[in-house]
Amino acid sequence: MEISEQYLMLLTSALNDAIKYNEKFLQSETIRDVSDYEEHLLCLENCQAWLEEEYKKIANDNPQMLPYEKVVR
């Protein structure tokens, strides 16, 4: 899959934001079936682990890209 550096950074940041949002959502008292949301969060975290590997591979060849750690702060 080919993706521009800008879109990769945006995707990485958006996925990180989604994980933070869902972690806080799980702590709220508004959901009834926590297990569905926990499974969704696990899928997001698995995707993030894969994306981190891919990001770092691409960033090694593109020094103008921000380091992964700065994108997911």
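For clarity, every value in this text was computed on a predicted model and none was experimentally measured.

**Comments concerning a nonpolar patch on the surface**
Turning to step 1, where the next piece is worked out: Taken together, the side chains of Ile3, Tyr7, Leu10 and Leu11 present a nonpolar region at the surface, about 400 Å² in accessible area.
Turning to step 2, where the next piece is worked out: Within the fold, leucine 11 resides in helix α1 (residues 5-27).

**A closer look at the nonpolar core**
Most often, soluble globular proteins keep nonpolar side chains buried together rather than apart.
Turning to step 1, where the next piece is worked out: Core analysis: the largest hydrophobic core is formed by 12 residues, namely Leu8, Leu15, Ile19, Leu41, Leu44, Leu51, Tyr55, Ala59, Met65, Tyr68, Val71 and Val72.
Turning to step 2, where the next piece is worked out: Listing elements by their share of this core, those giving two or more residues are α1, α2 (34-61) and α3 (68-71).
Turning to step 3, where the next piece is worked out: Among the elements that take part in this core, α2 stands out by supplying five residues, more than any other.
Turning to step 4, where the next piece is worked out: Not counting chain neighbours up to four residues away, the residues in contact with leucine 15 comprise Leu44, Cys47, Gln48 and Leu51.

**Considering the environment of serine 35**
Turning to step 1, where the next piece is worked out: Within the fold, serine 35 resides in helix α2.
Turning to step 2, where the next piece is worked out: Among the polar contacts listed, one links the side chain of serine 35 to the side chain of aspartate 33, at a separation of 2.7 Å.

**Regarding the packing of α1 against α2**
The packing of two helices is summarised by the inter-axis angle and the distance between the axes.
Turning to step 1, where the next piece is worked out: Look at α1 against α2: their axes get within 10 Å of each other, and the N-to-C directions meet at 155 degrees. Classified by the angle between their axes, α1 and α2 sit roughly antiparallel to one another. Viewed along their axes, α1 and α2 form a crossing whose handedness is left-handed. Contacts between α1 and α2 pair Leu8, Met9, Leu11, Thr12, Leu15, Asn16, Ala18, Ile19, Asn22, Glu23, Phe25 and Leu26 from the former with Val34, Tyr37, Glu38, His40, Leu41, Leu44, Glu45, Cys47, Gln48, Leu51, Tyr55 and Ile58 from the latter.

Definitions and limits used
Residues numbered from 1 in each chain as written. Predicted model: local features only at pLDDT ≥ 70, side-chain atom pairs only at ≥ 80, totals over all residues. Heavy atoms only, no water. Patch = residues over 30% accessible without salt bridge, like charges linked within 9 Å, V, L, I, M, F, W, Y side chains within 5 Å. Areas by Shrake-Rupley, 256 points an atom, 1.4 Å probe, with all protein chains shown as cover. Salt bridge = Lys/Arg side-chain N within 4 Å of Asp/Glu carboxyl O. Helix = DSSP H or I, 4+ residues; strand = E, 2+ residues; numbered from the N terminus. Core = buried A, V, L, I, M, F, W, Y, C linked by side-chain atoms within 4.5 Å. Buried < 20%, exposed > 50% of the residue type's maximum accessible area, 1.4 Å probe, protein only. Contact = heavy atoms within 4.5 Å. Polar contact = N/O pair within 3.5 Å; in protein donor to acceptor, adjacent residues only side chain to side chain. Axes fitted to C-alpha atoms, helices over the stretch in contact; angles between N-to-C directions. Parallel < 35°, antiparallel > 145°, perpendicular 65-115°, else oblique. Left-handed = near helix turned anticlockwise from the far one by under 90°.

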